[in-house]
Amino acid sequence: MIDNLEELLSELNPNDVSRFSLAGAETLWLTFKNTYAKEFKGDVNITSDLFDKAWLLVSGQLKDTTVDQLETAAKEQIPDLDNFMDIFESAWRTTLASATQNAATGVWLAICGLATEPIGAAMDTADIISNTLDILISTQYSAEHGNDEYPSEEDVKGHPLYQREKTRQLEAIQALKNGKAASFRSEFVTILNLESLGLPPQ
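Undergrad: I'd love a proper account of the pattern of salt bridges, names of residues and values included.
TA: Within the structure shown, the criterion is met by nine salt bridges. Between D49 and K53 there is a salt bridge, with the nearest N and O atoms lying 3.4 Å from each other. In this pair, D49 and K53 are both assigned in helix α3 (residues 44-58), four residues apart and thus about one turn of the helix distant. Here D52 makes a salt bridge to R185, at a shortest N to O gap of 3.0 Å.

Undergrad: Residue-level account of empty space enclosed by the protein, with values.
TA: This structure, assessed with the given rule, holds one cavity of 30 Å³ or more. The computed volume of the largest cavity comes to approximately 40 Å³. Forming the walls of the largest cavity are F20, S21, G24, A25, A122, T125, A126, I129, R168 and Q169. Listing elements by their share of the lining of the largest cavity, those giving two or more residues are α2 (14-40), α6 (118-145) and α8 (160-177). Considering only residue class, the lining of the largest cavity consists of five nonpolar, four polar and one charged.

Undergrad: Tell me about unusual backbone geometry, residues and numbers included.
TA: Positive phi outside glycine occurs at K41, with the angle close to 55°. Here E117, not a glycine, exhibits a phi torsion of approximately 50°, which is positive. Tracing the chain through its elements places E117 in the loop between α5 (91-112) and α6.

Definitions and limits used
- Position labels on residues start from 1 in each chain and follow its written sequence.
- Only residues with pLDDT of at least 70 are given local features in this predicted model, and only at 80 or more are side-chain atom pairs given and counted; all residues enter the totals for whole chains, interfaces and linings.
- The side-chain quantities take in all heavy atoms of the structure and omit both hydrogens and water.
- Salt bridges are identified by distance alone: a Lys or Arg side-chain nitrogen within 4 Å of an Asp or Glu carboxyl oxygen.
- Helix numbers and strand numbers start at the N terminus; a helix is a DSSP run of H or I with at least 4 residues, a strand a run of E with at least 2.
- Within this scheme a cavity is a closed region of a 1 Å grid, computed over the protein atoms alone, that accommodates a 1.4 Å probe without allowing it to escape, whereas a pocket is open but has protein on both sides within 12 Å along at least five of seven lines; lining residues each have an atom within 4 Å of a point.
- Grid points are joined across faces, edges and corners, and a volume is the space filled by probe spheres set on the points.
- Classification used: nonpolar for Ala, Val, Leu, Ile, Met, Phe, Trp, Tyr, Cys and Pro, charged for Asp, Glu, Lys and Arg, polar for all others including Gly.

Below is the structure:
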């Protein structure tokens, strides 16, 4: 998504790299949390609590919980699509379920980075966001042009949904470089505009 992302992240301190990861993961999660509850009957409050604790942890304000505990809890929330065969009844339903699985996986990836390798975790989190946007945009393209038609790389990267997320990430990095850690979560945790895909709010 951002060609020189690793270079840009290397200019941040480890806690700020983790903030970048958490904001991306929480943005993806908030976008699909209702689908998580609907399709997988998951308890969204568990993941909301995980994020609250992760943000406190990265700020040094959480003393009674370890990263390992958060990581284990996050991994347990990732659904196995093979256990929910109804999701394969239509292209969009399958895509949204896959995107939701990615969102839950992104939570786990971002939390893993709180302990070691924050840049690696940030890269993985950014990749899963990019892959999610790819499948969403591809499904829209196939719905509009025919089931056997797929968008080019330029179509995907030029899509408003992709461009908006790329801008959010770049602005997030700049804000962290400028020392905006205190207000970072409220400013850079957003919800993806799925209406740009012709979908109703999720």
